[in-house]
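Reading the structure
Each chain is listed here by its residues.
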Amino acid sequence: MIFRQESIEEIVANIKRMGGLEACPICAGTNLLADQRPMVADVGGTQNLQDSATNITYHLRVVCDGCGYVLLFDAERHRSGDHPLFERV
Ligand SMILES: [Zn+2]
């Protein structure tokens, strides 16, 4: 499963509108790469240990090509409309 290209463009544009993703906060490098593969996180439990507070969140992972610093953005917070975020490969 990967982010649709349109989803990545929407998320990145939204973050840039807020002033983010101009440069790496560690090395000031400007080659920041968005990974098309979502980072999936279990929150409040796991698939085998879950209750009503457990959730799964999907993050866009942006990696600095210079130093490897990783920025994570909750994809659902940057989504507009109800088009699908992902596609299967
Ligand atoms: Zn960096």
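Heads up: the structure comes first, above all this text.
Predicted model only: the values in this text are computed from it and were never measured. Sequence positions are assigned chain by chain, starting from 1 and proceeding in written order. Local features are withheld for residues below a pLDDT of 70 in this predicted model, meaning they are given only at 70 or higher, and side-chain atom pairs are given and counted only at 80 or more; totals for whole chains, interfaces and linings count all residues. Note that the side-chain values use all heavy atoms of the structure and ignore hydrogens as well as water.

Considering the pairing of strand 4 (residues 70–74)
Spelled out, the test is: Classification of residues uses two cut-offs on accessible area relative to the type maximum, computed with a 1.4 Å probe and protein chains only: under 20% is buried, over 50% is exposed, and between them is partly exposed. Put simply, DSSP H or I for four residues or longer makes a helix, DSSP E for two residues or longer makes a strand, and each gets a number counted from the N terminus. We call two strands paired when DSSP finds no fewer than two bridges between them.
Alternating positions in strand 4 separate cleanly, Leu71 and Phe73 being buried on one face and Val70, Leu72 and Asp74 remaining unburied on the opposite face. Examined bridge by bridge, strand 3 (residues 55–64) and strand 4 share 5 bridges and lie antiparallel to one another. Each bridged residue has a counterpart across the sheet, and for His59 the counterpart in strand 4 is Asp74. From the end of strand 3 to the start of strand 4, which pair antiparallel, there are 5 residues, and Gly68 there has a positive phi angle of about 85°.

Some remarks on helix 1 (residues 5–17)
Heads up, the rule is: For a helix, the expected span equals 1.5 Å multiplied by the residue count minus one. By definition in these notes, contact holds between two residues if any of their heavy atoms fall within 4.5 Å.
With 13 residues, helix 1 extends 18 Å between its outermost C-alpha atoms, agreeing within 8% with the 18 Å of an ideal straight helix rising 1.5 Å per residue. Within helix 1, the full set of buried residues consists of Ser7, Ile8, Glu10, Ile11, Val12, Asn14 and Ile15. In the core, the buried residues of helix 1 are packed alongside strand 1 (2–3), strand 2 (32–43), strand 3 and strand 4. Positive phi appears at Gly19, one or two residues downstream of helix 1, with a value of about 95°.

Notes on the nonpolar core
So the rule is basically this: Residues enter a nonpolar core if they are buried and are Ala, Val, Leu, Ile, Met, Phe, Trp, Tyr or Cys, with the set joined through side-chain atoms within 4.5 Å.
Residues Phe3, Ile11, Leu21, Leu32, Leu60, Val62 and Phe73 are the most contacted members of the largest nonpolar core, which totals 16 residues. Every element with two or more residues in this core is listed here: helix 1, strand 3 and strand 4. A total of 4 residues in this core trace back to one element, the largest contributor, which is helix 1.

Things to note about the packing of aromatic side chains
This is how the line gets drawn: Only centres within 6.5 Å qualify two rings of Phe, Tyr or Trp (six-membered ring in Trp) as a pair; their planes then separate them into stacked at under 30 degrees, edge-to-face at over 60, and tilted for everything else.
Taken as a whole and judged by the stated rule, the model has 2 aromatic pairs. Consider the rings of Phe3 and Phe86, whose centres lie 5.1 Å apart with planes at 40°: the pair is tilted. Of this pair, Phe3 sits in strand 1 while Phe86 is found in strand 5 (residues 86–87), placing the two residues 83 residues apart along the sequence. Grouping residues by exposure puts Phe3 and Phe86 together as buried. Seen from their ring centres, Tyr58 and Phe86 are 5.1 Å apart, and the 55° between their planes marks the pair as tilted. Of this pair, Tyr58 sits in strand 3 while Phe86 sits in strand 5, and the two are 28 residues apart along the sequence. One aromatic cluster is present, formed by Phe3, Tyr58 and Phe86 through successive ring pairs.

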